[in-house]
Amino acid sequence: MTEAVIIGVGLHPFGRFPGKPAMDMGADAVRLALADAGVTWPRIQGGYVGSFEVANPDAIVGKLGLTGVPLRGVFNGCATAGTAVALAARAIETGEHDLTIAIGLDKHPRGAFAADPSVAGIPSWYGQTGLFLTTHFFGMKINRYMHDHGISHETLARVASKNFRNAAGNERAWRRTPLTPEEILASPVLNYPLRQYMYCGPDEGAAALVLCRADQAHKYTSTPVRIRSTSLRSRRLGAFEVQSPSFPVGEHVESPTVDAAREAYERAGIGPEDVDVAQLQDTDAGSEIIHMAENGLCKDGEQERLIAEGATEIGGRLPVNTDGGLLGNGEPIGASGLRQIHEIVLQLRGTAGPRQIPGTPRVGYTHLYGAPGVSAVTILST
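Residues numbered from 1 in each chain as written. Predicted model: local features only at pLDDT ≥ 70, side-chain atom pairs only at ≥ 80, totals over all residues. Heavy atoms only, no water.

Student: An account of the packing of aromatic side chains is requested, with residue identities and associated values reported.
Tutor: Within the structure shown, the criterion is met by 4 aromatic pairs. Between the aromatic rings of phenylalanine 137 and phenylalanine 240, the centroid separation amounts to 5.2 Å while the plane-to-plane angle is 50°, which identifies the pairing as tilted. Here phenylalanine 137, found in helix α5 (residues 134-149), pairs with phenylalanine 240, found in the loop between β8 (225-234) and α8 (256-268); they are 103 residues apart in sequence, far enough to count as distant. Connected via pairs of aromatic rings, a cluster forms that spans Phe137, Phe138 and Phe240. Of note, lysine 141 hangs over the ring of tyrosine 369, and the distance from its end group to the ring centre comes to 5.0 Å. Looking at arginine 175, its charged tip hangs above the ring of tryptophan 174, at a distance of 4.8 Å from the centre. (Phe/Tyr/Trp six-rings, centres within 6.5 Å; stacked < 30°, edge-to-face > 60°. Helix = DSSP H or I, 4+ residues; strand = E, 2+ residues; numbered from the N terminus. Lys NZ or Arg CZ within 6 Å of the ring centre and 35° of its normal.)

Student: Describe unusual backbone geometry, and please don't skip the residues or the numbers.
Tutor: A cis geometry characterises the amide bond from tyrosine 192 onward to proline 193, with omega recorded as 5°. Here the amide bond leading from alanine 371 into proline 372 is cis, since omega sits at -5°, within 30 degrees of zero. Along the chain, proline 372 falls in the loop between β10 (363-370) and β11 (374-381). With phi around 55°, asparagine 321 is a residue other than glycine that occupies positive phi space. Within the secondary structure layout, asparagine 321 lies in the loop between α10 (303-309) and α11 (325-329).

Student: Tell me about the side chain of serine 231, and please be specific about residues and values.
Tutor: Counting through the fold element by element, serine 231 comes out in strand β8. Reaching out from serine 231, the side chain makes a polar contact with the backbone oxygen of alanine 260 at a distance of 3.3 Å. For serine 231, the residues in contact, after removing those within four places along its chain, are Ala260, Glu263, Ala264, Arg267, Ser375, Ala376 and Val377. (Polar contact = N/O pair within 3.5 Å; in protein donor to acceptor, adjacent residues only side chain to side chain. Contact = heavy atoms within 4.5 Å.)

Student: Break down helix α9 (residues 285-294) for me, with residues and values.
Tutor: In terms of burial, α9 is largely enclosed, as 10 of its 10 residues are buried. Restricting attention to buried positions, one finds in α9 the residues Ala285, Gly286, Ser287, Glu288, Ile289, Ile290, His291, Met292, Ala293 and Glu294. Backbone geometry just downstream of α9 places glycine 296 in the positive-phi region, at approximately 80°. (Buried < 20%, exposed > 50% of the residue type's maximum accessible area, 1.4 Å probe, protein only.)

Right, here's the structure in full:
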């Protein structure tokens, strides 16, 4: 099977851009990725574009060029970008195309995500009692985890502070004002134990990746980044997940993140100990903590010590969310996972500027998690 590699990345800044449509942001990101790859739009043979708010994101061809390219719209919740990348890579691996593109774009209104619970197959009472709010779910989940594994409120604050500090060194991030753990702990409680500055926010932005056959990468770049594996898993019966209206009694069932991570490591032929830099879904500070263990990067409860020691800082043993993560960048759903990969590509190239991790990183890891219990993992390497 032919291997797929990334030869170009492009990222429109994340934040709020009144008057600028999501489609225009997406087109800007694509042009940046094409320029980075040294490829023109007419040479792209196929691709996948994801969005939550835009019903027909494939119409972006009207802004890039009507070349007849098969551009397929995809949506898979917060795992949309992971799905787009996996499909673009698969088209190369199977020999369907030599040059593909993955695009993500979104423009969300202010405030927490909200919808009719029936769209997720949940009865109306679930929304009427407030349980359909994702902020509520994540508060309950980390509260239980803190109780079971000895995680402190200070550790939650350290995670958020780290990500805001990392975002301060990222010119494309949304929230670039550093906050101390003390300032974060002093902010209002939204859903106990999570406070105002421990949550990410929906916002706007776009990103794109250009992929090609590994044996043709030399035509475009001297620093291709390999897609070692991709994995997408949905929840299993009995798992306690976002928009799941009950907690099962009996045997514990692992999160889809555990399944996706295990499969991704196996396909890549590496283990968690080989990861040099990671991007984890930090919908809130507690999620980053939980996902460290679910992705095999530590054991449950070890996060308290690791975070206190600075292991997840840019200069630490395992830097996590070096560009600020979702806390610093916000989450335009269709683009969020491509932002993660954009950052890993920069880190593996050694071009991440003030947030570049020390040494020569070889393996990068990205993880997405969202409703109604779906996880995507992508492992990249030089």
